Amino acid sequence: MKNKKIIIGRTDKADFPKLNLEEIDVKIDTGAYTSSIHCQDIVEKDGVLHAIFLDESHPQFHGQNIQFNDYEVTTVRSSNGAKEERFEVKSNIRLFGKLYKISLTLNDRSEMRFPVLLGRKFLSKKLIVDPELQDISYLQSQHED
């Protein structure tokens, strides 16, 4: 069987190489369609999107201004039903030792426990969620040495 789906738990840690972020806590959310990442100081200037990911309260915060030439504005319906426009960027994510392409909406998640939410658009055709498990990819990467 070619594209066998990998089992992931309800939470994990992932790397985002294009964003210079490693071991970021992620929550798997099959109720969400899009994936979202915590960011601050989102500024669109002269056709370039500038953003600083995470914030000072996160141990992995590096304060770098990351720039995107390729981005779009998308409408997202939040869990309370309200529609909100957000910037969406293309990036990459490393899970289970493999690099995947991912679209991320930029959002202030400072009130949330997890800085990243992985939604169905990313999970589909790749991963199956077992809510009894946690940190499967991260624990696997710790035992590769």
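Because the structure is a prediction, the values reported are computed rather than measured.

(A) Region of interest: the pattern of salt bridges. Applying the stated criterion across every chain yields a total of four salt bridges. For aspartate 25, the salt bridge is made with lysine 13, and the minimal N-O distance between the two is 2.7 Å. Placement of the pair is aspartate 25 in strand E3 (residues 21-28) and lysine 13 in strand E2 (residues 11-16), with a sequence separation of 12 residues. On the accessibility criterion, aspartate 25 (29% relative accessible area) is partly exposed.

(B) Broad picture of the packing of aromatic side chains. A complete count under the given rule lists three aromatic pairs for this structure. An angle of 90° between the planes, with centres 5.8 Å apart, marks the rings of tyrosine 100 and phenylalanine 122 as edge-to-face. Taken as a pair, tyrosine 100 in strand E9 (residues 98-107) and phenylalanine 122 in helix H1 (residues 120-123) lie far apart in primary sequence, 22 residues in all. Phenylalanine 122 matches tyrosine 100 in its accessibility class, with the two residues each being buried. Over the ring of tyrosine 138 we find lysine 13, and its NZ or CZ is 5.5 Å from the ring centre.

(C) Structural view of unusual backbone geometry. Although it is not a glycine, aspartate 41 sits at a positive phi angle of roughly 50°. Summarising the element assignment, aspartate 41 is placed in strand E4 (residues 35-45). In this structure aspartate 41 comes out as exposed when scored by relative accessible area, which is 51%. Even without being glycine, lysine 125 reaches a positive phi, approximately 70°. Along the chain, lysine 125 turns up in the loop between H1 and strand E11 (127-129). Residue class for lysine 125 comes out exposed when judged on its relative accessible area of 70%.

(D) Molecular detail of the layout of surface pockets. In this structure, the largest pocket spans a volume of roughly 570 Å³. As for the largest pocket, its lining consists of 23 residues, of which Ser78, Ser79, Arg86, Arg109 and Leu117 are closest to the centre. Put simply, the parts of the chain that give the lining of the largest pocket at least two residues each are strand E7 (71-77) and strand E8 (83-95). The class makeup of the residues in the lining of the largest pocket is six nonpolar, nine polar and eight charged.

(E) Layout of the pairing of E7. Sheet topology note: the E7/E8 ladder contains seven bridges and is antiparallel. For glutamate 72, the partnering residue across the bridge sits in E8 and is glutamate 88.

(F) Structural detail: the environment of tyrosine 100. Given a relative accessible area of 10%, tyrosine 100 falls into the buried group. Separated by 26 residues in the primary sequence, tyrosine 100 and lysine 126 have C-alpha atoms spaced 9.6 Å apart.

(G) Representation of the nonpolar core within the structure. Core analysis: the largest hydrophobic core is formed by 31 residues, its most contacted members being Phe16, Phe53, Leu95 and Leu118. Phenylalanine 16 has contacts with Leu21, Ile24, Val26, Asn92, Ile93, Leu104 and Val116, leaving out every residue within four places of it along the chain.

(H) Up close: the side chain of glutamate 88. With respect to the element layout, glutamate 88 can be found in strand E8. By relative accessible area, glutamate 88 is classed as buried at 4%. At 3.3 Å, the side chain of glutamate 88 forms a polar contact with the side chain of lysine 121. Those residues in contact with glutamate 88, other than ones at most four positions away along the chain, are Tyr71, Glu72, Thr74, Ser103, Leu104, Thr105 and Lys121.

Calculation notes
Residues numbered from 1 in each chain as written. Predicted model: local features only at pLDDT ≥ 70, side-chain atom pairs only at ≥ 80, totals over all residues. Heavy atoms only, no water. Salt bridge = Lys/Arg side-chain N within 4 Å of Asp/Glu carboxyl O. Helix = DSSP H or I, 4+ residues; strand = E, 2+ residues; numbered from the N terminus. Buried < 20%, exposed > 50% of the residue type's maximum accessible area, 1.4 Å probe, protein only. Phe/Tyr/Trp six-rings, centres within 6.5 Å; stacked < 30°, edge-to-face > 60°. Lys NZ or Arg CZ within 6 Å of the ring centre and 35° of its normal. 1 Å grid on protein atoms, 1.4 Å probe; cavity = no way out; pocket = protein on both sides within 12 Å on 5 of 7 lines; lining within 4 Å. Points joined across faces, edges and corners; volume = space filled by probe spheres on them. Nonpolar A, V, L, I, M, F, W, Y, C, P; charged D, E, K, R; others polar. Pairing = 2+ DSSP bridges. Core = buried A, V, L, I, M, F, W, Y, C linked by side-chain atoms within 4.5 Å. Contact = heavy atoms within 4.5 Å. Polar contact = N/O pair within 3.5 Å; in protein donor to acceptor, adjacent residues only side chain to side chain.

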